[in-house]
Every structure is written in structure tokens, then in C-alpha cells.
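As a plain string of letters, each chain reads:
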Amino acid sequence: HLPTQITHHKIIGKDNWGESVETLKLVEAARARGVDVTIDQYPYTASSTGIAALFPQWALEGGQKSTVERLAAPETRARIKAVIVENIEHDRGAGDPKNVSIASCGFDNTLAGKNLAEITRSRGVEPTVENAADTAIELQRKGGCSAIYHAIGEDDVVRILRSPYTMIASDGEIPVFGQASPHPRSYGTFARVLGVYVREQKVLTLEEGVRRMSGYPAQRLKIWDRGLLRPGMKADLVVFDPDKIADRSTFEKPHQYSVGVRDVMVNGKFSLRDGVVTAERPGRVLYGPAHWN
């Protein structure tokens, strides 16, 4: 009897592309039998998380110190490497080390923006999947890195977006402008939906696109005074040009702001006015119904 959220739903790995047909059937079937299940999604064909995502879960148990100890044992390292090879070939690597790029690396800032194939080649060896697995091991042994994985099919992105139970979420960080090489979702998620999937591809109507990123998630989180324009609601407003709104952030050049938004009002005060960021900081933490003091 608990509500369920399939959050940042995606289909990773070429072998799995097309499986959103089945996952969405499962959602429909669950809802038909009374399960309160919905979905959220970011509109990109790449995911982002630590390089450790290539490792088997058991290799990460106990934290970094335990992982390094396992990697120092030849037999255990070989077992770990075999799983990494499998994941590069059939899962997050989508069959090629170049599909795994580094977003940020605390121990070496110069690695940001480079992919596993490039880093492997810089170590003086051919960028085979096996050698790239060794590179991933070395990166994790030195402390780990944040990575971007190009392993999602566009057809699945569109199919999931079409589902009436899908809302929009960025799943992104708030990056420091110009630092590292973050996933473009941190800059462009909502503008991308309105520009690409509403205006250009007409996957959603404008009204539905706006609802998926405002009223729908507010309703889902039971934040009843947000997400709609009507008397008594908090004055949260975004004024944008539907003919011009577009994301500019790319994987190659992520630090680019979206265009087409003129004004942003938060709690009745402008944080963006005529395209210029103001000195106002009217935002506050929003709590759901489970919060208590």
C-alpha cells in the first residue's frame, strides 16, 4: 500500500534497448491492480554516476579501503575486471570504452571530459575493452571519478516520455560554472523538453510538457500550494518564449545556459528578470507530508 516512484527511469545497454515496451507494460499492469506507481525521467541518452558503477557491488562493500585491498589481490582483481569488461561491452559502456567519459576527478582535474579510450591510450596501451577495464580499476584505486555513460537509446527516451505517468526530473547537480565536465542535464533538462520534445518533435503538447515539470510533480509530492497558477498558491512563475526556448549545454561543452526564459519568480520575488539574474534569494526548503519538527 505504499506509493512507488520509478525514478530517472531509463534503459541502459544496447542489449536492453527497446525494453521500455515491457517496463511500461509493468507500470500499466501495476496501476491496473491498484498500485500507486509513477515515473520520472531526464531527456538524455546518457547517464551519470561514479566510475564505480562499472564494478560489481561486492567489490565496493566496506568502502574505498576494502576495495583497494581487493584490487591488490590478483585473483580478486581478475574477477572484478571480468565484470567491468562485461559492463563495458553490454551495459553502461554500450560496447566501446569511448562511451564512458569522465565528468570530474578529484585527484586529477585534467581527466574531466576525456573518455576511457583516450585515457587508456594515454597510458601507452591500445584502448581495448580489457585495457579500458584496467584503466577503470586504476581510476577507482586512486579515489574514483564521476563518469558519463552513453548507453541509452533515443527510442526508449521518447517512449518513456510519452507515458502519461512520466514527469520530468533533471537528476542533476548544481555545477560550478566552467569547472569539470558535468552532464548537460544540470543546465538543460527542462528547456530541452520544451524545445526538442514539445516544439520540434511534438512528443508532448506544450501544456502537457509544462504540467509534467510543475503541477504533476507537486501533486505527486503532495505539495499542494505549488505547481499551479490560481489564487492561494505560492507565486512561482516562469515566463518563457515557446518559440525560442532551447537547451545549449552539450556533452562536449556542458557549461552553457539555456535560452528563451525571460523571468523566473520564486515565492513572489524575481530571481531572474528580463533574462538577468537578480540579487534576490527567495527560495526555501520544501517539505513533504512526512516531515515533522
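All of the points below concern the structure found in this document. (Residues numbered from 1 in each chain as written. Predicted model: local features only at pLDDT ≥ 70, side-chain atom pairs only at ≥ 80, totals over all residues. Heavy atoms only, no water.)

Describing the packing of helix α3 (residues 64–72) against helix α6 (residues 129–141)
Interaxial distance between α3 and α6 falls to 10 Å at its minimum, and their mutual angle equals 140°. On the basis of their axis angle, the class for α3 and α6 is oblique. Taken as a pair, α3 and α6 cross one another with a handedness that is left-handed. Residue-level inspection shows Q64, T67, V68 and L71 of α3 in contact with α6, the latter providing I137, Q140 and R141. Among the residues forming the contact of α3 with α6, the class breakdown is three nonpolar, three polar and one charged. (Axes fitted to C-alpha atoms, helices over the stretch in contact; angles between N-to-C directions. Helix = DSSP H or I, 4+ residues; strand = E, 2+ residues; numbered from the N terminus. Parallel < 35°, antiparallel > 145°, perpendicular 65-115°, else oblique. Left-handed = near helix turned anticlockwise from the far one by under 90°. Contact = heavy atoms within 4.5 Å. Nonpolar A, V, L, I, M, F, W, Y, C, P; charged D, E, K, R; others polar.)

Digging into the state of the cysteines
If you walk through the whole model with that rule in mind, you get one disulfide. A disulfide bridge connects C105 with C145, and the sulfur atoms are separated by 1.7 Å. Remark: C145 occurs in the loop between α6 and β5 (146–149) and C105 occurs in the loop between β4 (100–104) and α5 (116–122); sequence separation between them is 40 residues. There is no split in this pair, since C105 and C145 are both buried. (Disulfide = S-S within 2.5 Å. Buried < 20%, exposed > 50% of the residue type's maximum accessible area, 1.4 Å probe, protein only.)

Side note on the sheet that holds strand β2 (residues 37–41)
Spatial strand order, β1-β2-β6: three strands in an open sheet with parallel pairing. Each edge of the open sheet is held by one strand with a lone partner, namely β1 (4–6) and β6 (166–168). Strand-to-strand, the axes of this sheet are offset by a mean angle of 35°, without reference to chain direction. Both β1 and β2 contribute to a ladder of three bridges, which runs parallel. Directly across from I6, in β2, lies its bridge partner I39. On top of the sheet, helix α1 (residues 20–32) reaches β1 and β2; it is set at about 150° to β2, its chief contact. (Pairing = 2+ DSSP bridges.)

Quick notes on the nonpolar core
Ranked by internal contacts, the top residues of the largest apolar core, which has 24 residues, are I51, L54, F55, I84, I88, I102 and L116. When contributions to this core are tallied by element, the ones reaching two or more residues are α4 (74–90), β4, α5, α6 and β5. Per-element accounting of this core gives the leading share, six residues, to α6. Formed by 17 residues, the second largest nonpolar core is a distinct cluster that contains A151, I152, Y197 and L204. (Core = buried A, V, L, I, M, F, W, Y, C linked by side-chain atoms within 4.5 Å.)

A word on the packing of α1 against helix α7 (residues 154–162)
Between α1 and α7, whose axes approach to 10 Å, the crossing angle comes to 20°. Here α1 is positioned roughly parallel relative to α7, judged by the angle of their axes. The chirality of how α1 crosses α7 is right-handed. Here S20, V21 and L24 of α1 come into contact with α7, specifically with D156, R159 and I160.

Looking at the pairing of β4
For β4, a buried count of four out of five residues is recorded, marking the element as mostly surrounded by other parts of the structure. In this sheet, β5 lies alongside β4 in antiparallel orientation, the contact comprising four bridges. Bridged to I102 within β5 is A147.

Let's talk about α4
For α4, which comprises 17 residues, the first-to-last C-alpha distance of 24 Å matches the rise-based estimate of 24 Å (1.5 Å per residue) to within 8%. Of the surrounding secondary structure, the elements contacted by the buried residues of α4 are α2 (57–60), α3, α5 and α6. (Expected span 1.5 Å × (residues − 1).)

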